[in-house]
Amino acid sequence: MAQMEDIGMARRGGFWDYLVLGASFILMIAALGLVFLYVPTEETMGVVQRIFYFHVPLAWIGFLAFFVVFLGSVAYLWKRNIAWDNIARSSAEVGIVCITLVLITGPIWAKPVWGAWWTWDARLTASVVLWLTYIAYILVRSLTLEESRGARFASVLGIVGFINVPIVFLAVHLWRTQHPTTLVLKGDLPPTMLSALLVSIAAFTLLYVALLMRSVSLRKLEFEIKRLKELVSD
Amino acid sequence: MEQENPSSWAIRCEGLKKSFGEQHALRGVDLTVARGECLAVFGPNGAGKTTLIKVLCTMSRPSGGGAWIDGLDIRKAPNEIRRKLGVVSHATFLYGNLTPAENLRFYGKMYDVPNLENRIEEVLDQVHLRSRIHDRVSTLSRGMQQRVAIARSIIHNPSIMLMDEPETGLDPHATIMMRDILDSINSGDRTVVVTTHDLGRGLELGDRMAILHKGRVVFEAPKAEIDAGRIHELYDEHTRAVVR
Amino acid sequence: MSFATKASAILWKDVLSELRAREIVTSVLVFGLLVLVVFNFAFDPGSGTMAIVGAGILWVAFTFAGVLSLNRSFAMEKENSCIDGLMLCPVDRQVLYWGKLAGCFTFMFLVEIIITPVFLVLFNQSLWMPRLGLVVLLATVGFAAVGTLFSALAANTKARDIMLPILFLPMIVPVIIAAVEATGIVLDGGTWSDMATWLWIILAFDVIFLAVSALVFEFVLEE
């Protein structure tokens, strides 16, 4: 079996793991506190606007996660070390959950505020395309007969898909300027809102890292178990 | 007595490994085939015969270990190696909607074969296929298709032939024809590796035999050292043992 | 023999095979025309919305027909393991990409050349539309660039026929957007400068994805 050469992702239960998880927990509590207690209610949109503080970080993570998928895919095709594919795969798992939540929280926020569930603006469309790309990434792996081939195919998707997202964004943005709508997020954020948002983003980023590390080390363990099973059954 | 000079071997494998995820097809194959020699490889289903051929012909990347064809590393010089190889397998690699002549013309171009039209006639003669060469391959019988496949494999005059059970799936008449063709290909200074289920036939064809079992070579000897009458017992003996 | 000769040998092989079987041109073409007709009923473009709705219908037809013909391209190579036969040839994997790309493009474009006049007639447009031809040409290059890669990929999965659209369609969203917009402008009688941005987007997509797909193709083929 191909060796999974260690590239240094911390193992479960180790120092870094608890550190990141702990920090993420603390920041998340802080974010929740800020969002629900500290930040004033936005005047035009009302209470529902608070979803914004989750929607934006989730979107950020969703796209960041795919960037990691891209990096992992390139590294895997280059070095053929399955540890890179592991990272990409785990990142995709977290990423797709985030984007799904983005696609759910977006309409929940949009409907009371703008009167419409959905708008095909650049960000939302890019999110949908990203979501579909994640689905394809996961699906291609499970529908390929052989594991390392599946990893390779998924990597190809990770690379092509990642390059596609900014192009989609650009195309839809241009499209939107031809067919303008009134659904535009306007204005600067007052400092209280900005700080709440930043804390939330930090909290979610740390959560992403924690989940990624856990997922990667879990896969490593699975790999190790398989390897040992074979040694025994040989 | 092993010769250390690598250029005397046409094919050399050292600890060759290939895994498909959890399935280990080759677990460390050590093999050498001298130039002009014919090696017959036996082994039960799942022993790794097909995988060995696939790795040697650069179709499959090895998971571990090394292999050299005419001194060239299969990981580093795949295209040069491909030029020297002729491969015959269960699949014919032929385009069903094209005629044998068109198939040969296409592959001839891909292999940079000089004087292509003459060469096409030559190989078709060699496989005794003069009639029906302008009919679509999908309309030909399995035996005829297999013959065209062989013609395809030798069109670029390769010095090394890799054949994976070339006689499987043929009716008795086609089998006889195939034997003649294989014998003619085998002559000369071509190096041949042929995998087969047919122990007797393998013994006829080969200068040396090897038995592959669970991804390893468990037995290897020149024909002279093998008692033809005992070949079946020998085979059973080596393929029953559990490989560690 | 050079790169170009070998790639064109592959193209010719595909063309010859198709001439004998006539699968792509008949079934894909008929399907494309059907989509055109059905979507016309579904959307019923009145004279006001004609340009943009009509453009959409045309590109839906092209997209669906395109997916079918891409599927065929590598399904053909799977029969008799011809793809393995190709990989045994001492050629750069790039040659295989460009050769198959040429084939995919040719068949898609051929189908589109036939469907477009039918569309123009059904929608009472002028038949002389070179600008439309340019849009179709550029967009088809983009389709084929990504499509060839994914066709090879999908051919090696289970459920290969459904896998291709799932993989492929999210990737060509930019091309579809730009092509529909550009087509709408042409049908509306807009100028070159109106179309320019969209054409540039399609062109950029083509260049980027030709490069990326060609580079990544060998990873899809190897075993």
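If you're wondering where the values come from, they're calculated on a predicted model, not measured in any experiment.

Before going further, it helps to spend a moment on the overall build of chain B. Tallying secondary structure elements over chain B gives eight helices and ten strands in all. The C-alpha radius of gyration computed for chain B amounts to 18 Å, which stays within 12% of the reference 18 Å derived for 244 residues, consistent with globular compactness. Seen along its three principal axes, the alpha-carbon backbone of chain B occupies a region of about 55 × 40 × 35 Å. Out of the 244 residues belonging to chain B, those deemed buried represent 45%. When contacts within chain B are restricted to residue pairs at least 6 apart in sequence, those whose partners lie at least 24 apart make up 70%.

It is worth spelling out the sheet that holds strand S6 (residues 85–88) of chain B at this point. Backbone-to-backbone hydrogen bonds join strands into a sheet, with any given pair of strands oriented parallel or antiparallel. All names here are of chain B. Across the sheet, six strands lie side by side as S6-S7-S8-S3-S9-S10; this open sheet has mixed pairing. The open sheet has two edge strands with one neighbour each: S6 and strand S10 (216–222). The average angle at which neighbouring strand axes cross in this sheet is 15°, direction not considered.

Looking now at helix H8 (residues 173–187) of chain C. Given a rise of 1.5 Å per residue, 15 residues ought to cover 21 Å, and the 21 Å separating the end C-alpha atoms of H8 of chain C matches this to within 8%. When you tally the buried positions in H8 of chain C, you get 15 out of 15 residues, the bulk of the element.

What follows is about the interface of chain A and chain B. Counting residues at the interface gives seven residues for chain A and five residues for chain B. Elements represented by at least two residues in the side of chain A that touches chain B include exactly helix H5 (147–178) and helix H6 (191–233) of chain A. Among the residues forming the side of chain A that touches chain B, the class breakdown is two nonpolar, one polar and four charged.

At the junction of the two partners, chain A supplies 27 residues and chain C supplies 23 residues. Where the side of chain A that touches chain C is concerned, the elements lending two or more residues are helix H4 (122–142) and H5 of chain A. At 17 residues, the largest contribution of residues to the side of chain A that touches chain C is made by H5 of chain A. Of the residues belonging to the side of chain A that touches chain C, the class tally is 20 nonpolar, five polar and two charged.

In terms of nonpolar packing, the biggest core is built from 217 residues, with Leu162 of chain B together with Leu167, Ala179 and Ile202 of chain C touching the most fellow members. The leading source of residues in this core is helix H6 (residues 130–154) of chain C, at 15 residues. Not counting the four nearest positions on each side in its chain, Ala179 of chain C is found in contact with Trp59, Val135, Ala139 and Ile202 of chain C.

All names here are of chain B. Looking at chain B as a whole, its pLDDT mean stands at 84, while 95% of the residues score no less than 70. Mean pLDDT across the elements of chain B ranges from a minimum in helix H8 (residues 231–240), with 76, to a maximum in helix H3 (residues 100–110), with 94. What the predictor reports for the complex is a pTM of 0.87 with an ipTM of 0.88.

Before going further, it helps to spend a moment on the sheet that holds strand S1 (residues 9–20) of chain B. Residue and element names in this part refer to chain B. Read across the open sheet, the four strands follow the order S2-S1-S4-S5; overall the sheet is antiparallel. Only two strands of the sheet have a single neighbouring strand rather than two, namely strand S2 (23–34) and strand S5 (72–73). Where S1 and S2 come together, nine bridges link them in antiparallel fashion. Considered in S2, the bridge of Ile11 is made with Val33. Contacts between helix H1 (residues 49–56) and the sheet are confined to S1, S2 and strand S4 (64–69), with S2 contributing the most and set at about 65° to the helix.

Once that is clear, we can look at the pairing of S4 of chain B. Residues and elements named next belong to chain B. Pairing analysis gives five bridges linking S1 to S4, with the strands arranged antiparallel. Within S4, the position partnered with Glu14 by the bridge is Gly66. Where S4 lies against S5, two bridges are found, and the strand directions are antiparallel. Opposite Ile69, over in S5, you have Leu72 as the bridge partner. Between S4 and S5, which follow one another and run antiparallel, lie two residues, and Asp70 among them has a positive phi close to 55°.

Residues and elements named next belong to chain B. The backbone of Thr58 sits at a positive phi, close to 70°, despite the residue not being glycine. A positive phi angle is found at Asp70, which is not glycine, with a value near 55°. Of the residues examined, Asp70 has 19 C-beta atoms within 10 Å and is grouped as partly exposed.

Here is what the cut-offs are and how they apply
- Residues numbered from 1 in each chain as written.
- Chains lettered and ligands numbered in written order.
- Predicted model: local features only at pLDDT ≥ 70, side-chain atom pairs only at ≥ 80, totals over all residues.
- Helix = DSSP H or I, 4+ residues; strand = E, 2+ residues; numbered from the N terminus.
- Rg over C-alpha atoms; globule rule 2.2 N^0.38 Å.
- Buried ≥ 20, exposed ≤ 12 C-beta atoms within 10 Å, placed from the backbone.
- Contact = placed C-beta atoms within 7 Å.
- Pairing = 2+ DSSP bridges.
- Axes fitted to C-alpha atoms, helices over the stretch in contact; angles between N-to-C directions.
- Expected span 1.5 Å × (residues − 1).
- Nonpolar A, V, L, I, M, F, W, Y, C, P; charged D, E, K, R; others polar.
- Core = buried A, V, L, I, M, F, W, Y, C linked by C-beta atoms within 7 Å.
- pLDDT = per-residue confidence, 0-100.

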